[in-house]
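So you can see what is in the structure, the chains are spelled out below.
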Amino acid sequence: MTGVFRTELIKQLRRPRTFVALGIAVLIPTIATIALKANPPAPQGGDQGLFALAPNSGILVAVAMLRFMSRFLLVLIAALFAGDSVAAEAAWGNLRYVLVRPVRRPRLLGAKLSVSALLAITATVLVAVIGLIAGGIAFGWSGVSVPFSGLSQSAGQLLWNVVLATLYVAWSLAAVVSLAFFVSTLTDVPSGGVGAGIGLYIVSQILDSISSVGSIRYALPTHYLDAWNVLFFGRGPNADMLRGVLLQVGYVVVFCGLAFWRFQRKDILS
Amino acid sequence: MADPVIAVSGLTKRFGPVLAVDDLDFSVGQGDVCGLLGPNGAGKTTSLRVLVGLVFADAGEARIFGHRVQPGDADLARVGIMVEESAFVPYLSGAKNLRLWWEAGGTRWAEADAETALSVAGLGDAINRKVKTYSQGMKQRLGLARALLSRPDVLVLDEPTSGLDPGEMREVRQLLRRLSDGGVTTLLSSHLLSEVEQVCTHAVVMDKGKLVAGGPVQELIGAGGTVYIEVSNVRRATSTLKKLKGVGRVTPEPPGLAVELDGIKRSEVVAALVHANIGVETVTARHQLEDAFLGLVGEE
């Protein structure tokens, strides 16, 4: 592990906001499982339906939590990690001192981006893992076969698909992380980067819900956000999941490229 | 003549319509302590930031050890830096801040001169407290400690005594003198002209981004300056000195008088007074550099 990556990781791991964000990723699946166990919901459609299916197998708690958390809280957490990684350091006035170390700017930025991405992935994995553990304790791990729902999988299949879903959800945050990170290199106001990431998500969601927007919707970062549902209610990974993965690559290349290009030339005045 | 350790030539930096630094030239030799002076907005901090690779020059260049400074240069490991007020990661302790900052450069903590740094910081047990609980003076001392961790050959310090109490300011001045005696080259900006006068061997005066004057402090002050002389008879002393060649304005300020020296030595003034049978109690230099500075930047 390089010195600069290690020091960035220690700095972020010791930050109170990191504890809070990762704590949310642990607490919500735990609380939701306790609530499901204490008060099982009646069968319904949509997200509520997923929660209603959870008592059939604890593994579905992880699936339900991934679906629920990826709609906003994971986006918020990812934007928080990426959006203030550079800007917060600038706001404290410490960025100029980090940059007078004999470390090239791209290396420092790469370390900050890697740590932000690692924490966003950690939050997503925590949601799934805590969902699996809490769900397993509450309802056991078993296969499920629910008539008319399209869901019929063994425990092994479910677990493997949870792994794939977790990876897909984590990667779906890449556009938010990249934009928040890019804005973080432009401003000394941490909320600016965080707000940009969340703003991108909200605007994308709104535009995606308007059919008149036409084919532009396919390029919106949230368009394929729920494509992973086919892992449980379809025939496994499909073309939409692949499009979702590739779409994020485009956003990462553009926003991270801009971040590195800009930061390399930036006058540090904070 | 040895190559200068710090060399700035033709340095120009513009922020939008504002010309912050305009064709600046100066150099600092090894072991010199050079004060960078100028009113607010003169371009001092911008010049220091260019020098350590934080800000990119539009034209000209800044060199340390003969190498043009680039962000992240290996040479920066030999430079102790304090730019504007000291800043740290607020939720970490002073000790942890120093260590993480040091290790970010890919160097092991065992290689740092932690002993000197911690003794300069003088924070005692507070070094293990979170920095957000520190006073401005404590942060400033920790900032000086950070600048010294690498046993630097060059120090670039922006207002290093800002926020310190008089005793701490004196300690910093003594520290800078010791480092200079050991061959460390220092460039420091300060608003405290008396501090520059006491510590610096050389000074560079800037105004509106331009170099106004530069050179050894004694040369900048020149034979001029003002002295306050406490005498036995103010009226007669005033009359005597007004006739003396090389004396500028003479202002009675009982129990003495302020005498502007314009090419005459203090000893000659004292001799003239004694020769006129006027008792001389004390002779004190008064704001020499301040007078020179205000004269150079045209301020009242």
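Worth saying up front: this structure is predicted, and the values here are computed from it rather than measured.

About the thresholds
Residues numbered from 1 in each chain as written. Chains lettered and ligands numbered in written order. Predicted model: local features only at pLDDT ≥ 70, side-chain atom pairs only at ≥ 80, totals over all residues. Heavy atoms only, no water. Helix = DSSP H or I, 4+ residues; strand = E, 2+ residues; numbered from the N terminus. Rg over C-alpha atoms; globule rule 2.2 N^0.38 Å. Buried < 20%, exposed > 50% of the residue type's maximum accessible area, 1.4 Å probe, protein only. Areas by Shrake-Rupley, 256 points an atom, 1.4 Å probe, with all protein chains shown as cover. Core = buried A, V, L, I, M, F, W, Y, C linked by side-chain atoms within 4.5 Å. Contact = heavy atoms within 4.5 Å. 1 Å grid on protein atoms, 1.4 Å probe; cavity = no way out; pocket = protein on both sides within 12 Å on 5 of 7 lines; lining within 4 Å. Points joined across faces, edges and corners; volume = space filled by probe spheres on them. Nonpolar A, V, L, I, M, F, W, Y, C, P; charged D, E, K, R; others polar. Pairing = 2+ DSSP bridges. Axes fitted to C-alpha atoms, helices over the stretch in contact; angles between N-to-C directions. Salt bridge = Lys/Arg side-chain N within 4 Å of Asp/Glu carboxyl O. Buried area = accessible area lost by both parts, 1.4 Å probe. Polar contact = N/O pair within 3.5 Å; in protein donor to acceptor, adjacent residues only side chain to side chain. Left-handed = near helix turned anticlockwise from the far one by under 90°.

Asks: I'm lost on the overall build of chain A in this one. Help?
Replies: Looking only at helices and strands, chain A has 13 helices and two strands in total. Scaling as 2.2 N^0.38, a compact globule of 270 residues should have a C-alpha radius of gyration of about 18 Å, and chain A matches this with 20 Å. In terms of its C-alpha atoms, chain A occupies a principal-axis envelope of roughly 60 × 45 × 30 Å. When each of the 270 residues of chain A is scored for burial, the buried share is 54%. Accessible surface, chain A as shown: approximately 11100 Å² in total, 70% of it carbon and sulfur.

Asks: Mind showing me how you'd approach the nonpolar core here?
Replies: A general tendency of soluble globular proteins is for nonpolar side chains to be buried together. Within the largest apolar cluster, 114 residues are counted, with the highest numbers of intra-cluster contacts made by Trp228(A), Phe232(A), Ile6(B) and Leu187(B). In terms of residues, this core owes the most to one element, helix 8 (residues 105–139) of chain A, which gives 13 residues. When near neighbours in sequence (up to four residues on either side) are disregarded, Leu187(B) contacts Ile6(B), Phe26(B), Val28(B), Cys34(B), Leu36(B), Leu48(B), Leu51(B), Leu155(B), Val156(B) and Leu157(B). Ala117(B), Leu175(B), Ala213(B) and Phe293(B) belong to the second largest nonpolar core, which has 47 residues in total.

Asks: Looking at this structure, how should I read empty space enclosed by the protein?
Replies: Over the atoms rolls a probe the size of a water molecule, and in doing so it shows where empty space is left. On inspection of all chains with the given rule, the structure shows five cavities of 30 Å³ or more. Of the voids in this model, the largest cavity is the one considered here, and its volume is about 90 Å³. Every residue along the wall of the largest cavity is listed here: Thr7(A), Glu8(A), Lys11(A), Asn94(A), Val98(A), Val89(B), Leu92(B), Asn97(B), Leu100(B), Trp101(B), Ala104(B) and Arg146(B). Elements with a contribution of two residues or more to the lining of the largest cavity: helix 1 (3–13) of chain A together with helix 2 (94–104) of chain B. The element best represented in the lining of the largest cavity is helix 2 of chain B, accounting for four residues. Tallied by class, residues from the lining of the largest cavity come to six nonpolar, three polar and three charged. In this structure, the second largest cavity occupies an estimated 60 Å³ of space. Around the second largest cavity sit Val75(A), Ser172(A), Leu173(A), Ala175(A), Val176(A), Tyr201(A), Pro221(A), Thr222(A) and Leu225(A), which together line it. Tallied by class, residues from the lining of the second largest cavity come to seven nonpolar, two polar and no charged.

Asks: Sorry, what's going on with unusual backbone geometry here?
Replies: Across residues other than glycine, the phi torsion is negative in most instances, and most of the peptide bonds are trans. Residues and elements named next belong to chain B. Of note, the amide linkage connecting Pro-254 to Pro-255 takes the cis form, showing an omega dihedral of 15 degrees. By the secondary structure assignment, Pro-255 is in the loop between strand 12 (247–253) and strand 13 (256–261). The phi dihedral of Glu-84 is positive, around 55 degrees, even though this residue is not glycine. Along the chain, Glu-84 turns up in the loop between strand 6 (79–82) and helix 2. In this structure Glu-84 comes out as partly exposed when scored by relative accessible area, which is 31%.

Asks: Would you take a moment to explain the sheet that holds strand 5 (residues 67–68) of chain B for this structure?
Replies: One key point about sheets: their strands pair by backbone hydrogen bonds, in either a parallel or an antiparallel sense. Residues and elements named next belong to chain B. The strand order across the open sheet built from four strands is 2-1-4-5, with neighbouring strands paired in antiparallel fashion. Every other strand in the sheet has two partners, leaving strand 2 (18–28) and strand 5 as the edge strands with one partner each. Here five bridges tie strand 1 (residues 6–15) to strand 4 (residues 59–64), and the two strands are oriented antiparallel to one another. Bridge pairing in strand 4 places Val-8 opposite Ala-62. Seen against the sheet, helix 1 (residues 44–51) touches strand 1, strand 2 and strand 4 and runs at an angle of roughly 115 degrees to strand 1.

Asks: In this structure, what is going on with the pattern of salt bridges? I would like to understand it.
Replies: One side chain can pair with another of opposite charge once the charged atoms of both are near each other. Taken as a whole and judged by the stated rule, the model has 25 salt bridges over all chains. In this structure, the salt-bridge partner of Arg96(A) is Glu85(B), at a minimum N-O distance of 3.9 Å. A residue pair is termed interchain when its members come from two chains, as with Arg96(A) in helix 7 (residues 95–98) and Glu85(B) in the loop between strand 6 and helix 2. A relative accessible area of 3% means that Arg96(A) is categorised as buried. With a closest N to O distance of 2.6 Å, Arg243(A) and Asp240(A) form a salt bridge. Of the two residues, Arg243(A) and Asp240(A) are both situated in helix 13 (residues 239–265); the distance of three residues between them amounts to about one turn of the helix. Arg243(A) sits in the partly exposed class, given a relative accessible area of 44%. On the basis of relative accessibility, which here comes to 32%, the residue Asp240(A) falls in the partly exposed class. Bridged by salt links that share partners, the residues Glu8(A), Lys11(A), Glu89(A) and Lys112(A) form one connected network.

Asks: What should I look at first to understand the interface of chain B and chain A in this one?
Replies: Where interface size is quoted, it is often the accessible area lost as the parts come together. Tallying the contact residues gives 36 residues for chain B and 31 residues for chain A. Summed over both sides, the interface between chain B and chain A buries roughly 2900 Å², with carbon and sulfur atoms accounting for 58% of that surface. On the surface where chain B and chain A come into contact, there are four salt bridges. Among the salt bridges present, the one from Arg104(A) reaches Asp73(B), with a minimum N-O distance of 3.3 Å. Counting the contacts that link chain B with chain A gives 19 residue pairs in polar contact (both at pLDDT 80 or more). Contributing elements (two or more residues each) for the side of chain B that touches chain A: strand 1, strand 6 and helix 2 of chain B. No other element matches the six residues that helix 2 of chain B contributes to the side of chain B that touches chain A. The class makeup of the residues in the side of chain B that touches chain A is 22 nonpolar, six polar and eight charged.

Asks: What is the right way to read the packing of helix 10 (residues 174–186) of chain A against helix 11 (residues 190–208) of chain A from this model?
Replies: The description of two helices packed together rests on the angle between their axes and the distance between the axes. Residues and elements named next belong to chain A. For the pair helix 10 and helix 11, interaxial distance at closest approach is 7 Å and the crossing angle is 145 degrees. Viewed along their axes, helix 10 and helix 11 form a crossing whose handedness is right-handed. Between helix 10 and helix 11, the contacting residues are Ala-175, Val-176, Leu-179, Ala-180, Val-183 and Ser-184 on the first element and Gly-192, Gly-193, Ala-196, Gly-197, Leu-200 and Tyr-201 on the second. In terms of residue class, the contact of helix 10 with helix 11 is built from eight nonpolar, four polar and no charged.

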